[in-house]
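Working through the structure, step by step
Below, each chain spelled out in residue letters.
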Amino acid sequence: MNTPRVPPEAEGTPPLAPRTPPVTHGAPAAQTVPPLHVRDVTVRFAGLTALDEVSLTVAPGTVHALIGPNGAGKSTFFNVLSGLCRPSSGTVRLGGTDLTRLAPHRIAALGVARTFQNIVTTEGTVADNLMLGRHALTRAGFAAGALRLPRAVREQREHREKVREIAELTGLGAHFDRPVASLPYGDRKRVELARALCLEPRVLLLDEPVAGMNAGERARTAEVVTEIRARLGLSVLLVEHDMGLVMRLADEVTVLDFGRLIAHGTPAEVRAHPEVLRAYLGTAGDREDIA
Ligand SMILES: Nc1ncnc2c1ncn2[C@@H]1O[C@H](COP(=O)(O)OP(=O)(O)OP(=O)(O)O)[C@@H](O)[C@H]1O
């Protein structure tokens, strides 16, 4: 376990076509999910190496947690995967498709959706917010929508049915037409997760999905992550400081410290790893406890 385990490459996988999936009905169907391969990614900001040749693979249909003390490079890693930060070197591939230097909207269209650590929606209803998440999948043009042409009206209705399913799946069904601002914090934060799901991603990047939640809200969100993974078959890459949640949800855990990968393995392996214990319990007084 001391050396990172790197699953074999899926060489020769055909490139993925950009997705324009039909609007589906009934229970969301499990979809084909390619592995997400990150290889030797390095990011430098002026004199600081925020990521130093970091590699990991998110295997299809698994929950892979990325943990590490404050400043370890987790957000930078997410920013690379979602196209907000260009690495100095290294590659990101979804199956056989190179995502490394694509714009964020192209990465999203290829099936990698993310949530943000500090964004909690306050505007509009739950339905409004989830419809925003369908934007990338909308085929009828702006003019057709504005003119309420039959095709655009039908498409809007189908998208609304789909987002209602996702609201049910994420425990927001009872709040569908309520203003987000009127919901408790945990539900509001889960709107962000639901909005990312509305893109029908193959890989979901969750950046601290339970930050600021109370114990009940955390437990509910953990159930939702378990449920969406089981029902939709997608892969999840999870950044989270709540170690109880990480240990419960993750199949694999990768640990960063000062931009370097220091451990990779199952939750039990990582928890007992001396480098990980040192990184969390080491010298700095403000480091979190992994126990
Ligand atoms: N745009 C930037 N310019 C300069 N330095 C940056 C930038 N973004 C991040 N850093 C630095 O890169 C390092 C990694 O930061 P990052 O935010 O990725 O860590 P993190 O693991 O997500 O931390 P946290 O758990 O506190 O969110 C830190 O030293 C940070 O100060």
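A short tour of the structure in this document, coming up. Since we're looking at a predicted model, the values are computed, not measured.

Direction vectors running N to C along helix α6 (residues 185–197) and helix α7 (residues 215–232) enclose 20 degrees, while the axes themselves pass 10 Å from each other. Overall, the two elements α6 and α7 adopt an arrangement that is roughly parallel. Between α6 and α7 the crossing geometry is right-handed. Only Glu217, Arg220, Thr221, Val224, Val225, Ile228 and Leu232 of α7 make contact with α6, whose side of the interface consists of Tyr185, Gly186, Arg190, Leu193 and Leu197. Classifying every residue of the contact of α6 with α7 gives seven nonpolar, two polar and three charged.

Okay, the environment of Leu232 next. Residue placement: Leu232 occurs in helix α7. Between the alpha carbons of Leu232 and Leu197 there is a distance of 9.7 Å; along the sequence they are 35 residues apart.

Here the focus is the environment of Leu204. Note that Leu204 resides in strand β7 (residues 203–207). By relative accessible area, which is 0% here, Leu204 ends up buried. Along the sequence, Leu204 and Leu237 sit 33 residues apart, while their C-alpha atoms lie 6.3 Å from each other. Leu204 has contacts with Ala113, Ala196, Leu197, Ile228, Leu234, Ser235, Val236 and Leu237, leaving out every residue within four places of it along the chain.

Per the stated rule, a full pass over the model turns up 13 salt bridges. The partner of Arg195 in a salt bridge is Glu192, and the shortest N-O contact between them spans 2.7 Å. In this pair, Arg195 and Glu192 both sit in helix α6, three residues apart, roughly one turn of the helix. Close ionic contact of Arg278 with Asp257 constitutes a salt bridge, the shortest N to O distance being 3.5 Å. Remark: Asp257 occurs in strand β9 (residues 252–257) and Arg278 occurs in helix α10 (residues 274–281); sequence separation between them is 21 residues. Judged by relative accessible area, which is 39%, Arg278 ranks as partly exposed. Through salt bridges with shared partners, one network takes in Arg160, Arg164 and Asp177.

Moving on, we get to the site of the ligand. Taken together, 13 residues lie around the ligand, and Gly71, Gly73, Lys74, Ser75 and Thr76 are the ones closest in. Between an oxygen atom of the ligand and a side-chain N or O atom of Thr76, the distance comes to 2.6 Å. When the free accessible area of the ligand is taken as 630 Å², the share hidden by the protein chains comes to 59%. Only β2 (48–58) and α1 (74–81) provide two or more residues apiece to the shell around the ligand. The element contributing the most residues to the shell around the ligand is α1, with three residues. Partitioned by chemical class, the residues of the shell around the ligand number five nonpolar, seven polar and one charged.

The rules behind each value
Residues numbered from 1 in each chain as written. Predicted model: local features only at pLDDT ≥ 70, side-chain atom pairs only at ≥ 80, totals over all residues. Heavy atoms only, no water. Axes fitted to C-alpha atoms, helices over the stretch in contact; angles between N-to-C directions. Helix = DSSP H or I, 4+ residues; strand = E, 2+ residues; numbered from the N terminus. Parallel < 35°, antiparallel > 145°, perpendicular 65-115°, else oblique. Left-handed = near helix turned anticlockwise from the far one by under 90°. Contact = heavy atoms within 4.5 Å. Nonpolar A, V, L, I, M, F, W, Y, C, P; charged D, E, K, R; others polar. Buried < 20%, exposed > 50% of the residue type's maximum accessible area, 1.4 Å probe, protein only. Salt bridge = Lys/Arg side-chain N within 4 Å of Asp/Glu carboxyl O. Near = heavy atom within 4 Å. Polar contact = N/O pair within 3.5 Å; in protein donor to acceptor, adjacent residues only side chain to side chain. Areas by Shrake-Rupley, 256 points an atom, 1.4 Å probe, with all protein chains shown as cover.

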